[in-house]
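# Residue-level structure breakdown
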Amino acid sequence: MIELFQLPWSPYCLVIHRILQYSGTRFKVVDIPAGNRDLIWKITRERYYKVPVVRDGDNVIFETDENSQVIAKYLDQKLGLDLFPPQWEGVQTLLWRYFENDVESITFKLNDIFSRNMVPEKHWLAHLRHKERRFGVGCIETWKKQQPELLKQLQELLIPCEQMLATRPFLLDSRPLFVDFDLWGMLANFLYSGEYQLSKQQPYLREWHKRMSSLAFVDREKLHP
């Protein structure tokens, strides 16, 4: 059985979790403590400490750099999902870099404002230390003060997605591709706390998100342009 090692609110983990759900395959989720990557370090034989990581029998799959999609491509090939068709090669790369850099740089801050409600008390110090070492002392309080401006920035970053979805049910095609799952993961991270909703000024994005949240691979034949 496929195992997914994750932080539940991580945008990158949410992408892989949703792809596995979509595929219909049986899989096991292993949540790791915030701020403690000992298990990841162990199963990757001291080669990697980030999340997500997928273990499939003797195979342990993890990313090779900041812009790779090793895990998603492994699952795509193994499960026959066809999320990376050759006609969209290059275009998908540009989009997922936009989603995982520009969009994610806002969504994670908005979610982290409420991270005290998500991280167990015993792991809070390690989580806070990790955040402040990377983003500076008091970063979470700073993001809380910046919340209105961050929400405005996110809405502006999502305008191209709203424009794309105005003419088709998914970002590039009449069926979901990897970039649909990738954007869904970034937004799932944003929505994870339950404190936010997608903007009513972007109705196509809201409808797309609803479809992406429940769509299964067996439904593909029912999709129409």
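The sections below set out a description of the structure shown in this document. Position labels on residues start from 1 in each chain and follow its written sequence. The predicted origin of the model limits local features to residues at a pLDDT of at least 70 and limits the giving and counting of side-chain atom pairs to 80 or more, whereas totals for whole chains, interfaces and linings rest on all residues. Values reported for side chains reflect all heavy atoms of the structure, with hydrogen atoms and water molecules removed beforehand.

### Quick notes on the side chain of Ser199
Put simply, the rule is: We count a stretch as a helix when DSSP gives it H or I for four or more residues in a row; a strand needs E for two or more, and each element gets its number in order from the N terminus. A 3.5 Å cut-off defines polar contacts: any pair of N or O atoms within that distance qualifies, except that in protein one atom must be a possible hydrogen donor and the other a possible acceptor, and neighbouring residues in sequence count only when both atoms are side-chain atoms. Contacts are assigned to residue pairs that have any heavy atoms within 4.5 Å of one another.
Relative to the assigned elements, Ser199 resides in the loop between helix H9 (178-191) and helix H10 (203-214). Within polar-contact distance, the side chain of Ser199 engages the backbone nitrogen of Gln201 at 3.0 Å. Filtering out sequence-adjacent residues up to four positions away, Ser199 remains in contact with Gln155 and Arg206.

### Let's talk about the nonpolar core
Put simply, the rule reads: Definition used in this section: a nonpolar core is a set of buried Ala, Val, Leu, Ile, Met, Phe, Trp, Tyr and Cys residues joined via side-chain atoms within 4.5 Å. The classification of residues rests on relative accessible area computed with a 1.4 Å probe and restricted to protein chains. Under 20% of the type maximum is buried, over 50% is exposed, and intermediate values are partly exposed.
By size, the foremost hydrophobic cluster in this structure holds 69 residues, and its most contacted members are Ile16, Phe99, Leu171, Leu183 and Trp208. With residues up to four places along the chain from it excluded, the contact list for Leu171 reads Phe99, Cys161, Met164, Leu165, Val179, Asp180, Leu183 and Trp208.

### Overview of the environment of Leu150
If you trace the backbone, Leu150 turns up in helix H7 (residues 147-157). On the accessibility criterion, Leu150 (4% relative accessible area) is buried. Taking the C-alpha atoms as reference, Leu150 lies 36 Å from Glu46; in sequence the two are 104 residues apart. The contact partners of Leu150, leaving out residues within four places of it in the chain, are Ile106, Lys109, Leu110 and Trp143.

### Some details on the sheet that holds strand E3 (residues 53-56)
Rule in force here: When DSSP finds at least two bridges between two strands, those strands are taken to pair. Here an axis means a line fitted to C-alpha atoms, over the contact stretch when the element is a helix, while the angle between two N-to-C directions is reported on a 0 to 180 degree scale.
In spatial order, the strands read E2-E1-E3-E4; together these 4 strands make up an open sheet with mixed pairing. If you trace the sheet from one side to the other, it starts and ends with strand E2 (27-31) and strand E4 (59-61), each paired once. Neighbouring strand axes in the sheet, compared pairwise and without regard to direction, differ in orientation by 20° on average. Taken together, the 4 bridges between strand E1 (residues 2-6) and E3 define a ladder with antiparallel strand orientation. From the neighbouring strand, Ile2 faces E3, where its bridge partner is Asp56. Contacts between helix H1 (residues 11-23) and the sheet are confined to E1, E2 and E3, with E1 contributing the most and set at about 155° to the helix.

### Some points on the packing of helix H4 (residues 91-112) against H9
Operational definition: For classification purposes, an angle smaller than 35 degrees is called roughly parallel, one larger than 145 roughly antiparallel, one from 65 to 115 roughly perpendicular, and anything else oblique. Under the grouping applied here, Gly and all other residues not named as nonpolar or charged are polar, the nonpolar ones being Ala, Val, Leu, Ile, Met, Phe, Trp, Tyr, Cys and Pro and the charged ones Asp, Glu, Lys and Arg.
It is at 8 Å that the axes of H4 and H9 come closest, and there the two elements cross at 5°. With respect to each other, H4 and H9 are oriented roughly parallel. Counting all contacts with H4, which are made through Gln92, Leu95, Trp96, Phe99, Glu100, Val103, Glu104, Thr107, Phe108, Leu110 and Asn111, the residues of H9 involved are Phe178, Val179, Asp182, Leu183, Met186, Asn189 and Phe190. Residues belonging to the contact of H4 with H9 are distributed by class as follows: 11 nonpolar, 4 polar and 3 charged.

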